[in-house]
Amino acid sequence: MLCVLLLSCLVVCDVVSSSSSSSSSYPHPGWNPSYYARFPNGVPSSMDYFPIGVWLQNASNAQGFKDIGINLYIGQAINPSSFELQELKNAGMPVFTTPSPDVLSFPSGVWYGPNQPDEPDDAQPDGKGGYGPCIDPNAIIAQYNAWKIIDNTRPVYLSFGPAVSIVNMTARGVCTGKTSMYYYYQQGADILSYDIYPVNNHYPITVIGDGIDNLYVWSNYSKPVWTWIEAVNFNGGAPAGHPNEQDIYAEVWHALTHNLRGFGYFCHQFVPSFIEDACLKLPLFSSAITHINAKVNALARALNSPTILQTDPNSIQVVSQTSGVLLDVLTKMNATGYYFLTVNRNQNTAGSATFKLPAHLAANATVATVLFEGRTVPIEQGTFLDKFNSYDPHTYFISTAEQ
């Protein structure tokens, strides 16, 4: 994650205008319980658990991160000591980390599984101040197989660099543009992830969804995809006061609409001074992710519920009434009702959108609750209208209790 900085059942509706739209429908990767249950000592298969991690943090801060809604450490140390593992256990903070002797001998409940080398798809430091090629996918697969011989009850985690989204990014060196390598890389993991930081690097937030989509395609939709979210202005390149809560909230919601199965925060600040746990120590960022994590944790059961595909007649349809408003939408359903996660992924345009309900909902639904905002919107003749500012997420709930 650092080397790139130094080097340089679901529905998604992409609504462009009232007269034209494009949408993507994905085969339905198993939601949490149907996938993670195959790893009894790994990520919980509970409907109430959605992975929210943090990258490469000191074990002594585990309780602090737990208090702001983090439930997972990733890449804690190359060889974490039994003392550090005990600190994590005391805080109830599990970890993906290298299976050192201390890790293998420590009582269960802390170690969720091994993590592969970070960003193996990028050019690797050559030890002489330069960079060599990316890591051979065969080495990643061989390591995966070796770990599975030791313990096959835990998933192996693998995170790539931003070229997953921007495929011609030169951070991959001689491997640039060789996307076929990811088909082989993904064979060395059970959970796939990657990082890209739009605000810090001046990209639109849509690059996040692009990378998630690519990883699903390259893995034939067979494995859960996670991503990393920028939680601080780590290199001083972001506009003053950014990423703020609205930026981070929009990034997380945009990622969720692309079938995200977990995410983590990159919390290190390098400029003007190094702060490893900046998203914990700096109030601007700790407050933001506390609020966002509370929302995600509150939605865990919905996010782990079946997804309604765009091709399903039970899906929601969206028509933007303002040219330039770009909406992503995730439709989920459980025993209580329908959940619609939406976000305007346009950074500069505000407007409104009309939502059209499926026929069986439209017949009786009269109101949609806008979760986390303390308001409702009326449903008339099976449709409802709402306003969106730039980078504005809304989450709607429509009860089926009386349907």
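The structure this text deals with has already been given above.
Not measured: the values here are computed from a predicted model.

**Q** I'm lost on the overall build of the chain in this one. Help?
**A** Along its length, the chain carries 14 helices and 18 strands. For 403 residues, the compact-globule estimate of 2.2 N^0.38 gives 22 Å, and the C-alpha radius of gyration of the chain, at 21 Å, lies within 12% of that figure. Overall, the chain is about 65 × 40 × 40 Å in size when its C-alpha atoms are taken along their principal axes. Counting every position in the chain, which comprises 403 residues, the buried fraction comes to 56%. Summing over all exposed atoms, the chain offers an accessible surface of approximately 15,400 Å²; the carbon and sulfur share of this is 54%. Each charge class in the chain can be summarised by its mean position, and for the 18 positive and 30 negative side chains these summaries are 5 Å apart.

**Q** Help me out: how do you make sense of the packing of helix H10 (residues 245-256) against helix H12 (residues 283-298) in this one?
**A** Contact geometry for H10 and H12: axes closest at 9 Å, N-to-C directions at 30°. Between H10 and H12, the interaxial angle falls into the category roughly parallel. Of the two elements, H10 crosses H12, and the hand of that crossing is right-handed. Between H10, through Glu245, Ile248, Tyr249, Val252 and Trp253, and H12, the contact on the second element is made entirely by Ser287, Ala288, Ile289, His291, Ile292, Lys295 and Val296. For the contact of H10 with H12, a count of residues per class yields eight nonpolar, two polar and two charged.

**Q** Sorry, what's going on with the sheet that holds strand S4 (residues 72-74) here?
**A** Strand pairing in a sheet relies on backbone hydrogen bonds. The paired strands run either parallel or antiparallel. Spatially, six strands are ordered S6-S5-S4-S3-S10-S9 in an open sheet, and the strand pairing comes out parallel. Here the strands that pair on one side only, and so sit at the sheet edges, are strand S6 (111-113) and strand S9 (226-230).

**Q** I keep staring at the side chain of aspartate 190 and nothing clicks. Help me out?
**A** Tracing the sequence through the fold places aspartate 190 in the loop between helix H7 (181-185) and strand S8 (191-194). Using a relative accessible area of 6% as the deciding quantity, one classes aspartate 190 as buried. If we skip the residues at most four places from it in the chain, aspartate 190 touches Tyr35, Phe39, Tyr144, Lys148, Arg154, Pro155, Val156, Lys223 and Pro224.

**Q** Looking at this model, I keep getting lost on the environment of aspartate 277. Mind explaining?
**A** Within the element layout of this structure, aspartate 277 appears in the loop between strand S10 (262-266) and helix H11 (278-281). A relative accessible area of 4% places aspartate 277 in the buried class. Sequence-wise, aspartate 277 and asparagine 168 are 109 residues apart; in three dimensions their C-alpha atoms are separated by 31 Å. Leave out the neighbours within four places in its chain, and aspartate 277 touches Gln57, Asn61, Phe65 and Cys267.

**Q** Mind showing me how you'd approach the pattern of salt bridges here?
**A** Two side chains of opposite charge can pair, provided their charged atoms sit close to one another. The full count for this structure, using the stated rule, is seven salt bridges. Note that aspartate 48 and arginine 301 form a salt bridge whose closest N and O atoms lie 3.1 Å from each other. With aspartate 48 in the loop between helix H2 (32-36) and strand S3 (52-55) and arginine 301 in helix H13 (residues 300-303), the pair connects residues that are 253 residues apart, well separated along the chain. Residue aspartate 48 is classed as partly exposed on the basis of its relative accessible area, which comes to 48%. Several salt bridges converge on common partners, so that one network encompasses Glu373, Arg375 and Asp386.

**Q** Mind showing me how you'd approach unusual backbone geometry here?
**A** In most cases, non-glycine residues show a negative phi, while peptide bonds are predominantly trans. In the segment running from valine 271 into proline 272, the intervening peptide bond is cis, with an omega of 5°. Following the sequence through the fold, proline 272 ends up in the loop between S10 and H11. A positive phi angle is found at leucine 56, which is not glycine, with a value near 50°. Looking at the element boundaries, leucine 56 is found in the loop between S3 and helix H3 (62-67). Residue leucine 56 is classed as partly exposed on the basis of its relative accessible area, which comes to 34%. Positive phi values are uncommon outside glycine, yet tyrosine 221 reaches one of about 60°. Considering the arrangement of structural elements, one finds tyrosine 221 in the loop between helix H9 (206-218) and S9.

The rules behind each value
- Residues numbered from 1 in each chain as written.
- Predicted model: local features only at pLDDT ≥ 70, side-chain atom pairs only at ≥ 80, totals over all residues.
- Heavy atoms only, no water.
- Helix = DSSP H or I, 4+ residues; strand = E, 2+ residues; numbered from the N terminus.
- Rg over C-alpha atoms; globule rule 2.2 N^0.38 Å.
- Buried < 20%, exposed > 50% of the residue type's maximum accessible area, 1.4 Å probe, protein only.
- Areas by Shrake-Rupley, 256 points an atom, 1.4 Å probe, with all protein chains shown as cover.
- Lys, Arg positive; Asp, Glu negative; His and termini not counted.
- Charge placed at Lys NZ, Arg CZ, Asp CG, Glu CD.
- Axes fitted to C-alpha atoms, helices over the stretch in contact; angles between N-to-C directions.
- Parallel < 35°, antiparallel > 145°, perpendicular 65-115°, else oblique.
- Left-handed = near helix turned anticlockwise from the far one by under 90°.
- Contact = heavy atoms within 4.5 Å.
- Nonpolar A, V, L, I, M, F, W, Y, C, P; charged D, E, K, R; others polar.
- Pairing = 2+ DSSP bridges.
- Salt bridge = Lys/Arg side-chain N within 4 Å of Asp/Glu carboxyl O.

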